[in-house]
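Examination of the molecular architecture
Below are the chains, spelled out letter by letter.
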Amino acid sequence: SQTIHQWPATLVQPVGSPLSLECTVEGTSNPNLYWYRQAAGRGLQLLFYSVGIGQISSEVPQNLSASRPQDRQFILSSKKLLLSDSGFYLCAWSDLSYEQYFGPGTRLTVT
Amino acid sequence: QQPVQSPQAVILREGEDAVINCSSSKALYSVHWYRQKHGEAPVFLMILLKGGEQKGHEKISASFNEKKQQSSLYLTASQLSYSGTYFCGTEWGSGTYKYIFGTGTRLKVLA
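The structure displayed is predicted, hence computed values, not measured ones. (Residues numbered from 1 in each chain as written. Chains lettered and ligands numbered in written order. Predicted model: local features only at pLDDT ≥ 70, side-chain atom pairs only at ≥ 80, totals over all residues. Heavy atoms only, no water.)

1. Description of the state of the cysteines
Residues and elements named next belong to chain A. Operational definition: Only a pair of cysteine sulfur atoms within 2.5 Å counts as a disulfide in this structure description. The helix count covers DSSP runs of H or I at least four residues long, the strand count covers runs of E at least two residues long, and both are numbered beginning at the N terminus. Exposed residues in this analysis have more than 50% of their type's maximum accessible area, buried residues have under 20%, and partly exposed residues fall in between, with area computed by a 1.4 Å probe over protein chains only.
Taken as a whole, this structure holds two disulfides over all chains when the rule is applied. There is a disulfide in this structure between Cys 23 and Cys 91, and the S-S distance comes to 2.0 Å. The S-S bond linking Cys 23 to Cys 91 shows a torsion near -70°; that makes this disulfide left-handed. Of this pair, Cys 23 sits in strand S3 (residues 19–26) while Cys 91 sits in strand S9 (residues 87–94), and the two are 68 residues apart along the sequence. A relative accessible area of 1% means that Cys 23 is categorised as buried.

Written as structure tokens, this is what we have:
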């Protein structure tokens, strides 16, 4: 069966510090991978999605970037965090059925 | 532009029914429904792939009106466990793999 891992679960970082969130999927090949951000009490904002290694589509400019160095690994990064980057970051994968399966999420607080 | 859901929030007593609507300004190629409990990741409920399709899952069912570009989720004889935020999701353009979610509906079931 397929599983998706995200870490860390929680993170508190000062403004201006770098960020690296990692997501890995097991039990499937060539999944579509997604990063979403959810502000407190709000909806899911699509940040990046990827249909293959090295293929990244960005929906949000600003100071975030994503990379997919391996088939089942998706990384979200920032060189300098802003206060507005705080939120609940969710990684998800899907196959041809388009159903989204979410990881447990990372709760990021930028102070 | 993300799909718009209505109502934004609803409070029910156990055993009451609710309808959540999802409307899009663009063509919907498929509609998925998810439920998110507080502090957790969204969980997939069901998918509707074709206009006119209806699906049921115990006391939760959904319909998809492709021409009207909308979908509705029906919750009958609600239970306490139905509480959470419901999101519709859709692929933003056939074959794009760009996946976005609706604005969300907060549902609370009281004993």
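2. Quick look at the environment of B:Tyr86
Residue and element names in this part refer to chain B. Selection criterion: We call two residues contacting when some pair of their heavy atoms lies within 4.5 Å. Whenever two N or O atoms come within 3.5 Å, that pair is a polar contact, provided that in protein one can donate a hydrogen and the other can accept it, and provided that, for residues adjacent in sequence, both atoms are side-chain atoms.
Counting through the fold element by element, Tyr 86 comes out in strand S9 (residues 84–91). Once residues within four sequence positions are removed from consideration, Tyr 86 is found in contact with Gln 5, Ile 20, Tyr 34, Arg 35, Leu 45, Leu 73, Leu 75, Gly 104, Thr 105 and Leu 107. Of the polar contacts made by the side chain of Tyr 86, one reaches the side chain of Arg 35; its length is 3.0 Å. A distance of 2.6 Å separates a polar side-chain atom of Tyr 86 from the backbone oxygen of Tyr 82.

3. Some thoughts on the interface of chain B and chain A
Rules: Accessible area, probed at 1.4 Å, shrinks when two parts are joined; the buried area is that loss added up over both. The term salt bridge refers to a side-chain nitrogen of Lys or Arg lying within 4 Å of a carboxyl oxygen of Asp or Glu. Classification convention: Asp, Glu, Lys, Arg as charged; Ala, Val, Leu, Ile, Met, Phe, Trp, Tyr, Cys, Pro as nonpolar; all other residues, Gly among them, as polar.
Taken together, the contact between chain B and chain A spans 18 residues of the former and 22 residues of the latter. Of the roughly 1,700 Å² buried at the junction of chain B and chain A (both faces included), carbon and sulfur atoms supply 62%. Between the two partners, chain B and chain A, sit one salt bridge. Residue B:Lys98 is joined to A:Glu59 by a salt bridge in which the shortest nitrogen-to-oxygen separation is 2.9 Å. At the level of elements, strand S4 (31–36), strand S5 (43–48), S9 and strand S10 (99–101) of chain B are the ones that each hand at least two residues to the side of chain B that touches chain A. Looking at the side of chain B that touches chain A, its residues break down into ten nonpolar, four polar and four charged.

4. Points about the side chain of A:Arg37
With respect to the secondary-structure elements, A:Arg37 resides in strand S4 (residues 32–38). Reaching out from A:Arg37, the side chain makes a polar contact with the side chain of A:Tyr89 at a distance of 3.1 Å.

5. Remarks on the layout of surface pockets
Note the cut-off: Here a cavity denotes a set of grid points, spaced 1 Å apart and computed over the protein atoms alone, in which a 1.4 Å probe fits but from which it cannot get out, and a pocket denotes an open set meeting protein on both sides within 12 Å along at least five of seven lines; residues with an atom within 4 Å of a point are reported as lining. Grid points are joined across faces, edges and corners, and a volume is the space filled by probe spheres set on the points.
If you add up the space inside the largest pocket, you get close to 1,000 Å³. For the largest pocket, the lining is made up of 43 residues, of which A:Gln38, A:Ala39, A:Gly41, A:Arg42 and A:Gly43 are closest to its centre. Sorting the residues of the lining of the largest pocket by element identifies S4, strand S5 (45–52) and S9 of chain A together with strand S1 (4–6), strand S2 (9–13), S9, S10 and strand S11 (105–110) of chain B as the ones contributing at least two each. It is S11(B) that provides the largest number of residues to the lining of the largest pocket, a total of four residues. A class-by-class count of the residues in the lining of the largest pocket yields 14 nonpolar, 20 polar and nine charged.

6. Some thoughts on the environment of A:Thr10
One can find A:Thr10 in strand S2 (residues 10–13). As a C-alpha pair, A:Thr10 and A:Phe88 span 78 residues in sequence and 9.0 Å in three-dimensional space.

7. Description of unusual backbone geometry
A cis geometry characterises the amide bond from A:Trp7 onward to A:Pro8, with omega recorded as 0°. Going from B:Ser6 to B:Pro7, the amide bond is cis rather than trans, its omega being -5°. Inspection of the secondary structure assignment puts B:Pro7 in the loop between S1 and S2. One non-glycine residue, A:Asn30, adopts positive backbone phi at about 50°. Its location among the elements puts A:Asn30 in the loop between S3 and S4.

8. Points about the sheet that holds strand S1 (residues 3–7) of chain A
All names here are of chain A. The cut-off we apply is this: Here the rule is simple: two strands pair whenever DSSP picks up at least two bridges between them. Axes here mean lines fitted to C-alpha atoms, for a helix over just the part in contact, with angles spanning 0 to 180 degrees between N-to-C directions.
In spatial order, the strands read S1-S3-S8-S7; together these four strands make up an open sheet with antiparallel pairing. Of all the strands in the sheet, just S1 and strand S7 (64–70) have a single pairing partner and so form its edges. This sheet shows a mean twist of 15° between the axes of neighbouring strands, independent of strand direction.

9. Thoughts on the environment of A:Val25
Residues and elements named next belong to chain A. Tracing the backbone through its elements, the reader meets Val 25 in strand S3. When the C-alpha atoms of Val 25 and Phe 74 are compared, they prove to be 8.8 Å apart, with 49 residues separating the residues in sequence. Val 25 has contacts with Thr 3, Ile 4, Leu 33, Arg 72 and Trp 93, leaving out every residue within four places of it along the chain.

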